[in-house]
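Coordinate analysis (summary)
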Amino acid sequence: MAVTEDAIASIKAMIVSGELSPGMRLPPEKELSERLGLSRNSLREAVKSLEIIRVLDVRRGDGTYVTSLEPALLLEAMSFVVDLHQDRSVLEVFAVRRLLESHAAELAATRISADTIASLQASLAAATHSDDVEALVAHDIQFHRAISEASGNSYLAGMLDALSSATARARVWRGITEEGAVQRTLEEHSAILSALTTGDPDLARAAVVVHVAGIEAWLQKALPKTAE
Amino acid sequence: VTITDSMSQSDLVVYRIKDMIIRGELSPNARLPVEKDLAESLNVSRGGLREGVRALSVLGILETRQGSGTFVTDLNPSMLLAPLSFVVDLQHADDAVNLHSARRVLETEAAGQAAKFITEEQIAQLDEVLGRFELALSMDPVDHQAILELDNEFHRIVAEASRNPILGALIAGLSSRTLRGRLLRALNDDRAEQAAFAEHRAIAAALREHAPDRAQLRMANHLLVVEDFLRQEPAPDFEASAGVSGE
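Residues numbered from 1 in each chain as written. Chains lettered and ligands numbered in written order. Predicted model: local features only at pLDDT ≥ 70, side-chain atom pairs only at ≥ 80, totals over all residues. Heavy atoms only, no water.

**What to know about the overall build of chain B**
For chain B, the count of helices and strands is 12 helices and two strands. Counting all 247 residues of chain B, 51% fall into the buried class. Put simply, 75% of the contacts in chain B that link residues at least 6 apart link residues at least 24 apart. As displayed, chain B has an accessible area near 11600 Å², and 50% of this comes from carbon and sulfur atoms. (Helix = DSSP H or I, 4+ residues; strand = E, 2+ residues; numbered from the N terminus. Buried < 20%, exposed > 50% of the residue type's maximum accessible area, 1.4 Å probe, protein only. Contact = heavy atoms within 4.5 Å. Areas by Shrake-Rupley, 256 points an atom, 1.4 Å probe, with all protein chains shown as cover.)

Here it is, written out as structure tokens:
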């Protein structure tokens, strides 16, 4: 284990020093393991771990490359943290989402483009006539991601991605559908969108707080009380 | 994630084991079946299994205990979000303002929550950190390395007092050692450190009074000082040195 960690640290050091930059191909395994003084096994395990957190991209039959290293890409790889924590932690996750997402909306209000607003309006209109959970989840992901991207802060966007797994979203939307609360939830999206359209940061922030807090309240009731 | 033909054996192992955890077939601290059985049930080679298990260990999802087998960890969010600090270390200087403002949003919220929940014991810990901070400032020359560590410790205690481990894990991730080292080197003059000390003391005072609004304002103010500095100055030297070099 310690050897694998050393191998990870060595590769990381090569990236931080700029010896390896985004999109660059790693030297062949044999050469790299000799240079770093590591066994090929340790190197392979390190590469595998770095692949999982999206630092490296292993293209079979081609070679191993450094990814774009965009924060959004790297943080997305952490979204399984949310998948793994479906019980009590889900509320902690939502509390942080409420914070980050409302901040992102506040920033987005003055930065979002007319094109993005138009495509969100179309997406919302389509979702309004749908009762298919999958279609609703797709709209939901598009809606929230567009706002976090429009914030212009890739760390915010990346953390929000990390905290919003598709699995968790699907679960929430199934619940919303079963309760017949789809309309109300989409109206909340509509309120957020109109605040963004008028470019009002305070209103955008408030609309997001109301929306996420509503889901939190729903989760609080829906969660089994068994966990801790 | 969907299973595809191009998935390597170790990817498959990672995917399947995560799935078993998500579906509750494997719970925190559970022991994994022996290698031979697990390789058979996942339909992978033992080499592929071992590689996948190592990767999951590095990610804090599994741990191998010498002589007793492989276990699921307690799946603590702070461990699972640890790669975040890696992300931070890999970023470029021009993104430092964005990184720092994301950190400010999180830490400001944490300070507000901490004002509600902080315990007497945690307040005593903050006081102790402040005492050592003052001492480090009074040294001649000023002990910059000690101040860096005390600063880190102060923010860690506040994040912990927020009682939201996800918030705490994100803050810890964004405040990687390397980054703090760079910032501190950039701000490295005695006057900036004196000011930082006064700001920390104001945060601690608001927490002691259990005043969430004041704690939030004091924390935001403290972090904005650094943020404004980053906005004004050309990008600080973001050269390779991992950690803080003793300069």
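**Observations concerning the overall build of chain A**
Helix and strand counts for chain A stand at 12 helices and two strands. Counted from the first residue to the last, chain A has its helices and strands arranged as α-α-α-β-β-α-α-α-α-α-α-α-α-α. A burial count over chain A gives 53% of its 228 residues as buried. Here chain A has roughly 10100 Å² of accessible surface; of this, 52% comes from carbon and sulfur atoms.

**Thoughts on the packing of aromatic side chains**
Residues and elements named next belong to chain B. For the coordinates displayed, the defined rule picks out one aromatic pair over all chains. Taking the centre distance of 5.3 Å and the plane angle of 50 degrees together, the rings of Phe 133 and Phe 197 count as tilted. Here the residue Phe 133 occupies a position in helix H7 (residues 120-138), and Phe 197 occupies one in helix H11 (residues 190-208), the gap between them amounting to 64 residues. There is no split in this pair, since Phe 133 and Phe 197 are both buried. (Phe/Tyr/Trp six-rings, centres within 6.5 Å; stacked < 30°, edge-to-face > 60°.)

**Describing the packing of helix H1 (residues 9-22) of chain B against helix H3 (residues 46-58) of chain B**
Residue and element names in this part refer to chain B. Contact geometry for H1 and H3: axes closest at 8 Å, N-to-C directions at 55 degrees. With respect to H3, the axis of H1 lies oblique. The chirality of how H1 crosses H3 is right-handed. Contacts between H1 and H3 pair Gln 9, Ser 10, Val 13, Val 14, Ile 17 and Lys 18 from the former with Gly 48, Leu 49, Glu 51, Gly 52, Val 53, Ala 55 and Leu 56 from the latter. (Axes fitted to C-alpha atoms, helices over the stretch in contact; angles between N-to-C directions. Parallel < 35°, antiparallel > 145°, perpendicular 65-115°, else oblique. Left-handed = near helix turned anticlockwise from the far one by under 90°.)

**Let's talk about the packing of helix H3 (residues 40-52) of chain A against H3(B)**
Orientation of H3(A) relative to H3(B), taken along the N-to-C sense of each, is 60 degrees, at an axis distance of 9 Å. Judged by the inter-axis angle, H3(A) sits oblique to H3(B). Handedness of the crossing formed by H3(A) with H3(B): right-handed. Across the interface between the two elements, A:Arg44, A:Glu45, A:Lys48, A:Ser49 and A:Ile52 from H3(A) touch B:Glu51, B:Arg54, B:Ala55 and B:Val58 from H3(B). Residue classes in the contact of H3(A) with H3(B) are distributed as three nonpolar, one polar and five charged. (Nonpolar A, V, L, I, M, F, W, Y, C, P; charged D, E, K, R; others polar.)

**As for helix H12 (residues 212-232) of chain B**
The end-to-end C-alpha separation of H12(B) is 30 Å, in line with the 30 Å expected for 21 residues at 1.5 Å each. Restricting attention to buried positions, one finds in H12(B) the residues B:Ala215, B:Met219, B:Ala220, B:His222, B:Leu223, B:Val226, B:Glu227 and B:Leu230. (Expected span 1.5 Å × (residues − 1).)

**Description of the confidence of the model for chain B**
For chain B, the average pLDDT comes to 82, and 79% of its residues sit at 70 or higher. Across chain B, H7(B) holds the top mean pLDDT of 96, while helix H10 (residues 177-186) of chain B sits lowest at 59. (pLDDT = per-residue confidence, 0-100.)

**Thoughts on the pairing of strand S1 (residues 62-65) of chain B**
Residue and element names in this part refer to chain B. In this sheet, strand S2 (residues 69-72) lies alongside S1 in antiparallel orientation, the contact comprising four bridges. The residue of S2 that forms the bridge with Thr 64 is Thr 70. Taken together, S1 and the strand that follows it, S2, pair antiparallel across an intervening segment of three residues, in which Gly 67 is found at a positive phi of about 80 degrees. (Pairing = 2+ DSSP bridges.)

**A few points about the environment of B:Gln66**
In this fold, B:Gln66 is placed in the loop between S1 and S2. With 150 residues separating them along the chain, B:Gln66 and B:Gln216 place their C-alpha atoms 46 Å apart.

**A closer look at the nonpolar core**
Within soluble globular proteins, side chains that are nonpolar tend to cluster in buried spots. Core analysis: the biggest nonpolar cluster contains 42 residues, and A:Val55, B:Ile17, B:Leu26, B:Leu49, B:Leu62 and B:Val72 have the highest contact counts within it. Elements that contribute at least two residues to this core include exactly helix H1 (2-16) and H3 of chain A together with H1, helix H2 (35-42) and H3 of chain B. Counting residues per element, this core draws most heavily on H1(B), which supplies six residues. Once you skip the residues sitting within four places of it in the chain, B:Leu49 turns out to touch B:Val13, B:Glu35, B:Leu38, B:Ala39, B:Leu42 and B:Val44. Residues A:Val172, A:Trp173, A:Leu186 and A:Ala207 belong to the second largest nonpolar core, which totals 35 residues. (Core = buried A, V, L, I, M, F, W, Y, C linked by side-chain atoms within 4.5 Å.)

**Quick notes on the pattern of salt bridges**
All names here are of chain B. For the coordinates displayed, the defined rule picks out 26 salt bridges over all chains. Taking the shortest distance from any N to any O, the salt bridge between Glu 160 and Arg 156 comes out at 2.8 Å. One end of the pair is Glu 160 and the other is Arg 156, both in helix H8 (residues 144-161) and four residues apart, which spans about a single turn. (Salt bridge = Lys/Arg side-chain N within 4 Å of Asp/Glu carboxyl O.)

**What to know about the side chain of B:Gln122**
All names here are of chain B. With respect to the secondary-structure elements, Gln 122 resides in helix H7. The class for Gln 122 is buried, based on a relative accessible area of 11%. When sequence neighbours within four positions are dropped, the list of residues in contact with Gln 122 reads Phe 117, Ile 157, Glu 160 and Ala 161.

**Some thoughts on the environment of A:Leu20**
Residue and element names in this part refer to chain A. Checked against the element boundaries, Leu 20 lands in the loop between H1 and helix H2 (29-36). Relative accessible area serves as the criterion here: at 4%, Leu 20 is assigned to the buried category. In this structure the C-alpha to C-alpha distance between Leu 20 and Tyr 65, which are 45 residues apart in sequence, comes to 9.3 Å. Aside from chain neighbours lying at most four places away, what touches Leu 20 is Met 14, Ile 15, Arg 25, Leu 26 and Val 66.

**A word on the environment of A:Leu32**
Inspection of the secondary structure assignment puts A:Leu32 in helix H2. In contact with A:Leu32, not counting residues within four places along its chain, are A:Met14, A:Leu26, A:Pro27 and A:Leu43.

**Describing unusual backbone geometry**
Residues and elements named next belong to chain B. Of the consecutive residues Asp 140 and Pro 141, the connecting peptide bond is found in the cis state with omega at 0 degrees. Considering the arrangement of structural elements, one finds Pro 141 in the loop between H7 and H8. A positive phi angle is found at Asn 29, which is not glycine, with a value near 70 degrees. Asn 29 sits in the partly exposed class, given a relative accessible area of 45%. A positive phi angle is found at Asn 43, which is not glycine, with a value near 60 degrees. Its place among the elements puts Asn 43 in the loop between H2 and H3.

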